[in-house]
Amino acid sequence: MDRIRIRGGNRLNGEIHISGAKNAALPLMIASLLTDDTLTLRNVPRLADVTLLMRILGNHGVDISVDGKRAGTNGIQGDTMHLTARTIVDTTAPYEMVSRMRASFWVLGPLLARCGEARVSLPGGCAIGTRPVDMHIQALQALGAEVEIDKGYIVAKAKKGLKGDRITFEKVSVGATHAALMSAVLAHGETVIENAAREPEIGDVADCLIKMGALIEGLGTSTLRVQGRDRLHGATHEVLPDRIETGTYAMAVAMAGGDVHLLGARADLVGNVINVMEQAGVSMSPTNQGLRVSRNGAGLKPVSVTTEPYPGFPTDLQAQFMALMTRAEGTATITETIFENRFMHVQELARLGADIRLRGDSAEVHGVTRLRGAEVMATDLRASVSLVIAGLVAEGDTMVHRVYHLDRGFERLEKKLGACGAEIERLAS
Ligand code: EPZ
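None of the values given here were measured: they were computed from a predicted structure.

The next subject is the overall build of the chain. Assigned secondary structure in the chain consists of 14 helices and 25 strands. Relative to the 2.2 N^0.38 estimate, which gives 22 Å for 429 residues, the radius of gyration of the chain is 21 Å and therefore close to what a compact globule would have. Principal-axis analysis of the C-alpha atoms gives the chain an extent of 65 × 45 × 45 Å. Out of the 429 residues belonging to the chain, those deemed buried represent 57%. A fraction of 75% describes how many contacts in the chain between residues 6 or more apart in sequence connect residues 24 or more apart. When the accessible surface of the chain is split by element, carbon and sulfur atoms take 46% of a total near 16700 Å². Between the centroid of the 47 positive side chains of the chain and the centroid of its 49 negative side chains there is a distance of 2 Å.

This is the structure:
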């Protein structure tokens with residue numbers, strides 16, 4: 001397994017190009033199941049999760065090419081993807097695939113809406129929490145589907161098609177909102193989704209569905225109103241820039257010091273993060289081409305944050321911000337409200353010399369004046385990148401193991417940071 005070695009101490013200066021958002025690209029690819037025409041996606045990030053989903057969709061019969069070449073097994077090389085689900089040849093998503101990537105569970109709604117049946121493995125828990133799918137099921141049942149669990153699989157049927165209705169979620173879920181939306185667009189009549197997630201990636205998928213002929217109102221609000229259509233058609237859509245990658249590199253610059261232009265980043269997607277970073281003493285200013293991040297000289301001020309659904313502070317930046325706060329001049333409290341087990345990075349940051357005390361769903365981070373390199377590993381991609389951020393200022397070498405987590409969500413991370421002056425390299429196993 002590959003490892004990444006970082007020698008701390010260098011400031012970051014230069015430009016980093018922000019890739020398309022993983023968490024928009026995945027559901028957008030899944031939306032291709034809703035039409036027998038071709039869906040073209042531009043700005044698709046070259047990530048392991050994207051390659052895996054290509055394989056999963058291929059299993060259902062989706063024909064996929066990238067930059068004009070048929071999808072191979074060596075990972076994705078270009079960023080324009082054509083997906084054509086002319087015929088769905090298999091409505092089953094097997095355990096071997098869904099267990100490797102939770103988002104593949106999201107094929108359930110589109111397969112059901114298009115084919116009247118779907119059999120999708122339950123994803124199981126993962127490193128950041130139990131992550132149930134009860135609200136996905138609730139959404140499909142509200143639209144008239146019969147749902148049962150059989151040998152670890154969700155079996156959903158709607159032989160006469162789905163029927164629009166009201167879906168009221170008791171809490172905010174990104175995945176359940178995607179499921180409701182992608183099912184409602186092909187249901188008969190009107191569906192109203194209440195307490196919908198407002199993450200920008202939901203808006204991006206809705207924009208694409210509208211280009212495919214869907215009728216959706218209420219974008220950006222927590223009530224979405226969908227008029228079902230008999231069929232959707234092909235479209236071309238550009239994946240929005242990754243706000244989590246944007247925030248991650250902003251935190252890397254804040255940690256190492258320096259001045260970096262994040263090309264293609266959109267300030268409107270990271271408003272809350274900009275606020276928090278400015279309180280910490282980091283400058284983040286929008287430019288014509290993206291966002292400029294800098295921290296010169298002055299120390300980091302401690303800032304306490306609580307993760308919340310968008311537009312609150314994202315859980316997907318919690319680990320990275322915690323890494324940053326390990327060097328703040330004082331104590332910051334970081335509270336995680338979305339996932340119950342998303343503190344796996346705490347023990348690893350401690351190996352680098354961080355002083356963090358866990359109290360239930362909060363972590364008290366007492367800033368230290370120095371971190372020291374060590375061997376570390378983490379169990380999810382955001383936790384892994386938090387260790388890279390810490391490694392940027394740790395004295396000596398930090399060796400991050402299990403790099404496959406990073407490859408799931410960060411495109412060419414070591415090249416992007418290396419080009420800005422970080423001493424970072426990938427060591428092949
Ligand atoms: C999405 O996961 C993202 N994944 C996650 O990104 C992100 O952390 C999360 O949203 C929160 O922003 C993708 O977009 C591919 P949820 P999702 O349903 O949809 C509970 C990353 O690092 N819940 O919004 O699975 C759930 O347990 C990741 O890129 C139920 O109780 O998250 C959690 O506590 C990992 N029942 C909360 O809701 C359900 O049926 C929010 O989860 C569904 C969810």
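Still more to cover.
We now examine the pairing of strand β9 (residues 146-150). In summary, the side chains of a regular strand alternate between the two faces of the sheet. Where β9 lies against strand β10 (residues 153-157), 5 bridges are found, and the strand directions are antiparallel. Its bridge partner lying in β10, I149 is registered against I154. In this structure, the hairpin formed by β9 and β10 is closed by a connection of 2 residues, where K151 is found at a positive phi of approximately 50°.

In this section: helix α7 (residues 200-211). Its 12 residues place the ends of α7 17 Å apart at the C-alpha level, agreeing with the 16 Å of an ideal helix rising 1.5 Å per residue. Of all the 12 residues making up α7, 9 are buried; the element is thus mostly covered by neighbouring parts of the structure. Every buried residue belonging to α7 is among P200, E201, I202, G203, D204, V205, A206, C208 and L209, and all of these are buried. Downstream of α7 by a residue or two, G213 has a phi angle that is positive, lying close to 110°.

This brings us to the sheet that holds strand β4 (residues 63-66). Pairing within the open sheet is mixed, and its 5 strands lie in the order β5-β4-β6-β3-β15. The sheet terminates laterally at β5 (69-70) and β15 (235-238), the two strands that pair on one side only. The pairing of β4 with strand β6 (residues 81-84) spans 4 bridges and is classified as antiparallel. Bridge assignment links V66 to a residue of β6, and that residue is M81. Together, β3 (38-42) and β15 form the strand contacts of α7, whose direction differs from that of β15 by roughly 160°.

So, on to the side chain of T91. With respect to the helices, strands and loops of the structure, T91 is situated in the loop between β6 and β7 (92-93). For T91, a relative accessible area of 14% gives the class buried. One polar contact links T91 to E117, side chain to side chain, over a distance of 3.3 Å. If we ignore the near neighbours within four places in the chain, the residues touching T91 are H60, L111, C115, E117, A118 and R119.

The next point concerns the nonpolar core. Grouped together as the largest cluster of nonpolar side chains are 79 residues, with contacts concentrated most on M29, L34, L57, M81, L181, I193 and L209. Here this core gets 7 residues from one element, more than from any other, and that element is helix α1 (residues 22-31). If we ignore the near neighbours within four places in the chain, the residues touching L34 are P110, A113, R114, M182, V185, L186, L209, M212 and L232. Membership of the second largest hydrophobic core comes to 72 residues, among which are I6, V293, I356 and V385.

Attention now moves to helix α6 (residues 174-184). With 10 of 11 residues buried, α6 lies mostly within the body of the structure. Regarding α6, the residues found buried are G175, A176, T177, H178, A179, A180, L181, M182, S183 and A184. Sitting at the amino-terminal end of α6 is S173, which places a side-chain oxygen 3.5 Å from the backbone nitrogen of G175.

This part takes up the domain arrangement of the chain. By a widely used convention, the size of an interface equals the accessible area lost when the partners come together. When its domains are assigned, the chain resolves into domain 1 (3-15 + 242-427) and domain 2 (24-238). Domain 1 puts 18 residues into the contact, and the matching count from domain 2 is 17 residues. Buried area between domain 1 and domain 2, both sides added, is near 1500 Å², and the carbon and sulfur share of it is 53%. In terms of surface lost to domain 2, no three residues of domain 1 exceed Y310, R408 and E411, which account for 38% of the buried area on that side. At the junction of domain 1 with domain 2, the criterion picks out 3 salt bridges. The residue D49 makes a salt bridge to R408 at a minimum N-O spacing of 2.7 Å. Between the two partners, domain 1 and domain 2, sit 5 residue pairs in polar contact (both at pLDDT 80 or more). For the side of domain 1 that touches domain 2, the element with the highest residue contribution is helix α13 (residues 404-409), accounting for 3 residues.

To continue, consider the site of the ligand. Every one of the 23 residues lining the ligand counts as a neighbour, but D134, S173, D316, I338 and R382 are closest to it. Measuring from a nitrogen atom of the ligand, one finds a side-chain N or O atom of D134 at 2.7 Å. One of the backbone N or O atoms of M135 is found 2.7 Å from an oxygen atom in the ligand. Relative to its free-state accessible area of 830 Å², the ligand is covered by the protein chains to the extent of 89%. Counting residues per element, the shell around the ligand draws most heavily on helix α5 (residues 134-142), which supplies 3 residues. Looking at side-chain class alone, the shell around the ligand contains 11 nonpolar, 5 polar and 7 charged residues. Mapping the shell around the ligand onto the domain boundaries places at least three of its residues in each of domain 1 (3-15 + 242-427) and domain 2 (24-238).

Rules and cut-offs
Residues numbered from 1 in each chain as written. Predicted model: local features only at pLDDT ≥ 70, side-chain atom pairs only at ≥ 80, totals over all residues. Heavy atoms only, no water. Helix = DSSP H or I, 4+ residues; strand = E, 2+ residues; numbered from the N terminus. Rg over C-alpha atoms; globule rule 2.2 N^0.38 Å. Buried < 20%, exposed > 50% of the residue type's maximum accessible area, 1.4 Å probe, protein only. Contact = heavy atoms within 4.5 Å. Areas by Shrake-Rupley, 256 points an atom, 1.4 Å probe, with all protein chains shown as cover. Lys, Arg positive; Asp, Glu negative; His and termini not counted. Charge placed at Lys NZ, Arg CZ, Asp CG, Glu CD. Pairing = 2+ DSSP bridges. Expected span 1.5 Å × (residues − 1). Axes fitted to C-alpha atoms, helices over the stretch in contact; angles between N-to-C directions. Polar contact = N/O pair within 3.5 Å; in protein donor to acceptor, adjacent residues only side chain to side chain. Core = buried A, V, L, I, M, F, W, Y, C linked by side-chain atoms within 4.5 Å. Domains from an automatic or database assignment. Buried area = accessible area lost by both parts, 1.4 Å probe. Salt bridge = Lys/Arg side-chain N within 4 Å of Asp/Glu carboxyl O. Near = heavy atom within 4 Å. Nonpolar A, V, L, I, M, F, W, Y, C, P; charged D, E, K, R; others polar.

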